[in-house]
Amino acid sequence: MLSVIRVHLPSEIPIVGCELTPYVLLRRPDKSVSTDDVPETAPLDGHFLRYKWYRVQSDKKVAVCSIHPSEQATLQCLGCVKAKIPVSKSYHCTTKCFSDAWQHHRVLHDRAASALNENGNEEEEVFGRFNSTGSGVINSSLSASASSASLTNGSAAPLYPAAITQRSGETWFEVGRSKTYTPTADDVGHVLKFECVVVDAETKLPVGHVNTILTSRVIPAPSPIPRRPIPVDGMGHFDADGRMTSSGAFTVLSYNILSEAYASNDLYNYCPSWALSWPYRRQNLLREIVGYRADIICLQEVQSDHYEEFFSPELDKHGYYGLYKRKTTEVYSGNTNTIDGCATFFRRDRFSHVKKYEVEFNKAAQSLTEATIPTTQKKTALNRLVKDNVALIVVLEFKANNQPFDAHGKRQLLCVANTHVNVSQDLKDVKLWQVHTLLKGLEKIAASADIPMLVCGDFNSVPGSAPHALLAMGKVDPSHPDLAVDPLNILRPHSKLVHQLPLVSAYSSFARTVGLGYEQHKRRMDGGTNEPLFTNVTRDFIGTLDYIFYTADSLVVESLLELLDEESLRKDTALPSPEWSSDHIALLAEFRCCKNKSRR
């Protein structure tokens, strides 16, 4: 007969808006062991599994710490209450917690006071609303699937018996009848109970032992301080919702979201396991990405199964069309469904898709090896050059109602490149060769059409490195130390390491701004390279690897998403963290098309 061997939860802490799916191990009638579901619609040997979820509600009200959401709060900041800051952000578990967080916490007070002085009311958070709180407010940018699941959670009718049972001052409310349950704001501070039992398909009566498991108290999704758009040279414009709206302008987001396959507990042991779990991270990432309201989104480290099953359908609900290029598999030996790649999304109401180019650096490596490497060295060369990295190039067309015709009556096109360059620091020659190969491909597109270009991605190259120099300066100094690493002589002659695209790094625009208001942003930039101090933050590395480059003869930067600083990250915290679900930070820039100038 069908029986349940074991039930447990993959995450010890339930979070509002993040699906909970228990692991249920079964012994089937043929004695085999399986985790496959046995629903009422497809019984097995006359039996099926019935699931129920309950909220265990106590008379005692429990507040959770805003810094350590798994801990119960013991004190509250009265300054937050007076300033009308969301109440969940005022709670702390200990005096040390409050003291350690003060540098970060006082920013909330300063912003509230500033907004009150300027506007007479609280300032609206314009770039992402991360306000899931215990006060009953559900984050408005939750995915549609999460929102609907939180309403019904497995039943066609959202109404359940009012009270299931009472004991020791507790009341159990039935809240779900499916294997998966998505906690709601009503669950915050309460324990959830999961029940699983084998049921006779004919009598509909339970058979055998009822398996139960209790969760920890449900916590609200942690709330990072929203990042705001900063106008460059005072040219940015925002609508009532905080969206940048200069005439003919558009916004571009680039973000390495950290693939689930790479997010191991060993590598990121400083991040709580519940915050590192994919069910939590995917919802947190979606909230953040949707909150930026970008017109074009370039994501890296997107697993192919996550693209198909999550990001593509979820972003489709928000008006985006997606294109994807998975990494090649000459080196990768795991499950091909979990290999990552580059995904580019664009708003259907602003752009139409014209053409897609896929760059497989493995194919370029094979062609290079065949043409230039001696037969005796071909195997060694391929072992060094073949790394599965790819780039996705998309040509878009502005829709006529959003972008006027140019001076010659032609429709406006835009070319967007999205890439993830090889990570190994021992392969400086391969990094540079991959970037050079991509740029040569983009030059061919530029030669066939007068078209503005964006080059986005994780280049795994710090400012001042040879790949960065090639992108930003159009050439690499022959004396650059990175050129010393070239065992295959693929970078020679050094004079070939050039391109004619007038590329400029978007975030270097902060260096052009003047005035006291921009000084705090300049402190987050490197004075030598005019790039951000960091876009990647782990315990082992802090530095800049991500960029948005643009052709400066056809595009102008109007606004940039503000950078994070150590204070925002709470100095003792690396990424990912409960607030930020990738080890990289997102970059976003607003551009406006301009008349062509002479190319470099």
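These notes cover the structure that comes with them. (Residues numbered from 1 in each chain as written. Predicted model: local features only at pLDDT ≥ 70, side-chain atom pairs only at ≥ 80, totals over all residues. Heavy atoms only, no water.)

### Focus on the side chain of serine 582
Then, in step 1: Mapping serine 582 onto the fold places it in the loop between β24 (555-561) and β25 (587-593).
Then, in step 2: By relative accessible area, which is 0% here, serine 582 ends up buried.
Then, in step 3: Only 2.6 Å separates the side chain of serine 582 from the backbone oxygen of asparagine 256, close enough to count as a polar contact.
Then, in step 4: In this structure serine 582 touches Tyr255, Asn256, Ile257, Leu258, Leu285, Leu575 and Pro576, once residues within four positions along its chain are discounted. (Helix = DSSP H or I, 4+ residues; strand = E, 2+ residues; numbered from the N terminus. Buried < 20%, exposed > 50% of the residue type's maximum accessible area, 1.4 Å probe, protein only. Polar contact = N/O pair within 3.5 Å; in protein donor to acceptor, adjacent residues only side chain to side chain. Contact = heavy atoms within 4.5 Å.)

### Brief notes about unusual backbone geometry
Then, in step 1: Here the amide bond leading from arginine 492 into proline 493 is cis, since omega sits at -5°, within 30 degrees of zero.
Then, in step 2: Checked against the element boundaries, proline 493 lands in the loop between α11 (466-473) and β20 (503-505).
Then, in step 3: In this model, leucine 575 is joined to proline 576 through a cis peptide bond whose omega is 0°.
Then, in step 4: Here proline 576 lies in the loop between β24 and β25.

### Overview of the packing of aromatic side chains
Then, in step 1: Inspection of the entire model under this criterion finds 21 aromatic pairs.
Then, in step 2: Geometrically, the ring pair formed by phenylalanine 351 and phenylalanine 398 is tilted, given 4.8 Å between the ring centres and 50° between the ring planes. With phenylalanine 351 in strand β16 (residues 351-360) and phenylalanine 398 in strand β17 (residues 390-398), the pair connects residues that are 47 residues apart, well separated along the chain. The pair phenylalanine 351 / phenylalanine 398 is uniform in exposure class, with both members buried.
Then, in step 3: A network of ring pairs unites the aromatic residues Phe250, Phe351, Phe398, Tyr550 and Phe591 as a single cluster. (Phe/Tyr/Trp six-rings, centres within 6.5 Å; stacked < 30°, edge-to-face > 60°.)

### Brief notes about the environment of threonine 184
Then, in step 1: With respect to the secondary-structure elements, threonine 184 resides in the loop between β8 (170-176) and β9 (191-200).
Then, in step 2: Separated by 34 residues in the primary sequence, threonine 184 and valine 218 have C-alpha atoms spaced 8.7 Å apart.

### Notes on helix α6 (residues 278-292)
Then, in step 1: In this model, α6 (15 residues) spans 21 Å end to end at C-alpha, consistent with the 21 Å of a helix rising 1.5 Å per residue.
Then, in step 2: Counted residue by residue, α6 has 14 buried out of 15 residues, so it is predominantly covered.
Then, in step 3: Note on α6: the residue one or two positions beyond its end, arginine 293, has a positive phi of about 55°. (Expected span 1.5 Å × (residues − 1).)

### Regarding the pairing of strand β15 (residues 340-347)
Then, in step 1: In terms of burial, β15 is largely enclosed, as eight of its eight residues are buried.
Then, in step 2: One ladder, built from six bridges, connects strand β13 (residues 296-303) with β15; its direction is antiparallel. Note on β15: the bridge partner recorded for isoleucine 297 is phenylalanine 345.
Then, in step 3: Across seven bridges, the pairing between strand β14 (residues 320-326) and β15 is antiparallel. The partner of arginine 326 across the bridge, within β15, is glycine 341. (Pairing = 2+ DSSP bridges.)

### Observations regarding the sheet that holds strand β2 (residues 23-27)
Then, in step 1: Spatially, the three strands line up as an open sheet ordered β1-β2-β3, and their pairing is antiparallel. Two strands in the sheet have a free side with no partner beyond their single neighbour: β1 (3-8) and β3 (33-34).
Then, in step 2: Note: β1 against β2, five bridges, orientation antiparallel. Looking at β2, one finds that histidine 8 is bridged to tyrosine 23.

### Section: the packing of helix α8 (residues 361-372) against helix α9 (residues 378-385)
Two quantities define a packed helix pair, namely the angle between the axes and the distance from one axis to the other.
Then, in step 1: Their axes nearest at 10 Å, the elements α8 and α9 cross at an angle of 155°. One element, α8, and the other, α9, form an angle in the roughly antiparallel class. Judged by the twist between their axes, the crossing of α8 over α9 is right-handed. Of the residues in α9, those touching α8 at Ala365, Gln366, Leu368, Thr369 and Glu370 are Lys378, Ala381, Leu382 and Leu385.
Then, in step 2: Per-class residue counts for the contact of α8 with α9 are five nonpolar, two polar and two charged. (Axes fitted to C-alpha atoms, helices over the stretch in contact; angles between N-to-C directions. Parallel < 35°, antiparallel > 145°, perpendicular 65-115°, else oblique. Left-handed = near helix turned anticlockwise from the far one by under 90°. Nonpolar A, V, L, I, M, F, W, Y, C, P; charged D, E, K, R; others polar.)

### Describing the nonpolar core
Then, in step 1: Membership of the largest hydrophobic core comes to 63 residues, with the highest contact counts inside it found for Phe250, Ile289, Ile296, Phe345, Leu414, Leu454 and Phe591.
Then, in step 2: Looking at which element gives the most residues to this core, the answer is α6, with six residues.
Then, in step 3: Not counting the four nearest positions on each side in its chain, isoleucine 289 is found in contact with Leu253, Tyr255, Ile257, Ile297, Leu299, Phe311 and Leu315.
Then, in step 4: One finds Val359, Cys415, Leu491 and Leu501 within the second-largest nonpolar core, a separate group that totals 42 residues. (Core = buried A, V, L, I, M, F, W, Y, C linked by side-chain atoms within 4.5 Å.)

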